[in-house]
Amino acid sequence: MIRLLLAAAIATVVSLAGTRLLIAFFRARNLTQPIRSDGPETHAHKQGTPTMGGLAIVGGACAGYAGSHFIHGGIYTRTGLFVMLAILGATAVGALDDWLKVSRAHSKGLSKRAKMLGLCAVGGGFAAATVLATDVSTELSFTRSGGIGWDMGPVGWSLWAVLIIVGASNAVNFTDGLDGLAAGSSIFNFAAFTIIGYWAFRHVDLYDLPHALDLAVVGAAMLGGCVGFLWWNAAPAQIIMGDAGALAIGTALACLALATNTHLLLPIMAALFVMECLSVILQIGVFKSMGGRRLFAMAPVHHHFEERGWHETWVIVRFWLLAGFATAVALGLFYADYFPLLESRSAAEDSP
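All values reported here derive from a predicted model rather than from experimental measurement. Residue numbers here run from 1 along each chain, matching the order of that chain's written sequence. pLDDT decides what is reported in this predicted model: residues at 70 or higher carry local features, side-chain atom pairs at 80 or more are listed and counted, and totals for whole chains, interfaces and linings draw on all residues regardless. The side-chain quantities take in all heavy atoms of the structure and omit both hydrogens and water.

A. Molecular detail of unusual backbone geometry. Residue Pro236 is bonded to the preceding Ala235 through a cis peptide linkage, with omega at -5°. Under the DSSP-based scheme used, a helix requires at least four consecutive residues in state H or I and a strand at least two consecutive residues in state E, with every element numbered from the N terminus. In this fold, Pro236 is placed in the loop between helix H8 (212-233) and helix H9 (242-259). Note the cis peptide between Ala299 and Pro300, where omega equals 0°. Within the secondary structure layout, Pro300 lies in the loop between helix H11 (271-289) and helix H12 (301-307). A positive phi angle, near 65°, is found at Met52, a position not held by glycine. Considering the arrangement of structural elements, one finds Met52 in the loop between helix H1 (2-28) and helix H2 (54-72). What makes Met52 buried here is its relative accessible area of 7%. Positive phi, normally seen in glycine, also occurs at Asn261, with a value near 60°. For Asn261, the position within the fold is in the loop between H9 and helix H10 (266-269). For Asn261, a relative accessible area of 2% puts it in the buried group. For every residue, the accessible area (1.4 Å probe, protein chains only) is compared with the maximum for its type, and the residue is labelled buried under 20%, exposed over 50%, or partly exposed between those bounds.

This is the structure:
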């Protein structure tokens, strides 16, 4: 527990201070976020806001992860390190996209193909390293390995991992359109993974996750990084996380789900991000198939509510509530599955 608290505390402080430094650095050099011309009219005032704040989130998380081990003498695990490396890889892809935007003073950075290739490379690297160098379960799982009983094999699991990482990264990126929405919502999810990791560590005989505590530390570190950043990103935002933060957060959530064998629990836990992503897919599908008609006034769906007259803060807070509720449901499902495990163990112990 001390390691988790240390990771969260160090990450929060480093992210809090680092974000403030980034704000000053980018403002001094006039490196600010170009605003989409086709976005809501109410977002015009955001023009000139510094971006790439995600660097502080990831920097804080790295400091929290490393610092908690250094101070408390914890053991680094390959799985935990691979998750952190995947986060850094996604941050690099996002930071390059952000840099192209601010350096060109245009809302378009990397092409969609280049960004997708970058994320696939990150996902493929994580999947290959995890399969080859750890004892990760290659079964499709909901709350734990062995629950569904479908072994995808190393190749199938690797492809599945890339799909989840790319999907989660884009989902968070779509959500990052209002001040504090993505950062605040992800705090709930990282808190859940911290709890899941610690619970699996305390009951390692039931969950068979020897690396669970280290993954809980990763979750706590990312939580702290988001908290420190949110201090400056809450409406009205003084800095935007950019793709550097959004892709890192999505990758972190996907990798934690894969490493803790909670693949199918992630869409429930991160239901807000899923909803935002689906709104974009549905909008495009309806537009192309119905001759230019639109399902939403604007996509992603948070812009739809803005166009319908909701104040930005109303949308943010209400979406935070949805994110918190979805996380609570996911944790409830995870905990409910604990009792069948206890019964199975008791039955095995009682049998001659």
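B. Summary view of the packing of aromatic side chains. Ring pairs shown here join Phe, Tyr and Trp side chains whose ring centres sit within 6.5 Å, with only the six-membered ring taken for Trp; geometry is labelled stacked below 30 degrees between planes, edge-to-face above 60, and tilted in between. All chains considered together, the criterion is met by 11 aromatic pairs. The interplanar angle of 75° and the centroid separation of 5.6 Å between the aromatic rings of Trp199 and Tyr335 together place this pair among those described as edge-to-face. Residue Trp199 is located in helix H6 (residues 181-202), and its partner Tyr335 is located in helix H13 (residues 312-336); the two are separated by 136 residues in the primary sequence. Under the relative-accessibility criterion, Trp199 is labelled partly exposed at 26%. Accessibility expressed as a relative area gives 40% for Tyr335, which makes it partly exposed. Joined through ring pairs, the aromatic side chains of Trp199, Tyr335, Tyr338 and Phe339 make up one cluster. Here the guanidinium or amino end of Arg318 rests over the ring plane of Trp310, the centre of that ring lying 4.6 Å away. Two thresholds decide whether a charge sits over a ring: the Lys NZ or Arg CZ must be within 6 Å of the ring centre and within 35 degrees of the ring normal.

C. Highlighting the pattern of salt bridges. When a carboxyl oxygen of Asp or Glu lies within 4 Å of a side-chain nitrogen of Lys or Arg, that pair is called a salt bridge. A complete count under the given rule lists six salt bridges for this structure. Between Asp337 and Arg144 there is a salt bridge, with the nearest N and O atoms lying 2.5 Å from each other. Of this pair, Asp337 sits in the loop between H13 and helix H14 (338-350) while Arg144 sits in the loop between strand E1 (139-140) and strand E2 (150-151), and the two are 193 residues apart along the sequence. For the pair Asp337 and Arg144, a shared accessibility class is recorded, and that class is buried. One connected set of salt bridges, linked through shared partners, spans Asp97, Lys101, Lys115 and Asp243.

D. Representation of H11 in the model. The terminal C-alpha atoms of H11 lie 26 Å apart, and with 19 residues this matches the ideal 27 Å at 1.5 Å per residue to within 8%. Within the span of H11, buried status applies to Leu272, Phe273, Glu276, Cys277, Ser279, Val280, Gln283 and Val286. Those residues of H11 that are buried lie in contact with helix H5 (153-175), H6, H9, H12 and H13. Of the residues flanking the end of H11, it is Gly291, one or two places downstream, whose phi is positive at about 65°. Take the number of residues in a helix, subtract one, and multiply by 1.5 Å to get its expected span. It only takes one pair of heavy atoms within 4.5 Å for two residues to be counted as in contact.

E. Just the environment of Glu343, in detail. Counting through the fold element by element, Glu343 comes out in helix H14. Take Glu343: its relative accessible area is 58%, and that puts it in the exposed class.

F. How the structure looks around helix H4 (residues 112-133). For H4, spanning 22 residues, the distance from its first C-alpha to its last is 31 Å, which sits close to the expected 32 Å at 1.5 Å a residue. All of the buried residues in H4 are Lys115, Gly118, Leu119, Val122, Gly123, Phe126, Ala127, Thr130 and Val131. Packing partners of the buried residues in H4 comprise helix H3 (78-104), H5 and H9.

G. Region of the structure containing the nonpolar core. Definition used in this section: a nonpolar core is a set of buried Ala, Val, Leu, Ile, Met, Phe, Trp, Tyr and Cys residues joined via side-chain atoms within 4.5 Å. Core analysis: the biggest nonpolar cluster contains 88 residues, and Ile87, Phe126, Trp157, Phe190 and Ile249 have the highest contact counts within it. Ignoring any residue separated from it by four or fewer positions in sequence, one finds Ile249 in contact with Ile57, Val172, Ser186, Phe190, Met222, Cys226 and Met241. Within the second largest apolar cluster, nine residues are counted, among which are Leu272, Val301, Val315 and Ile316.

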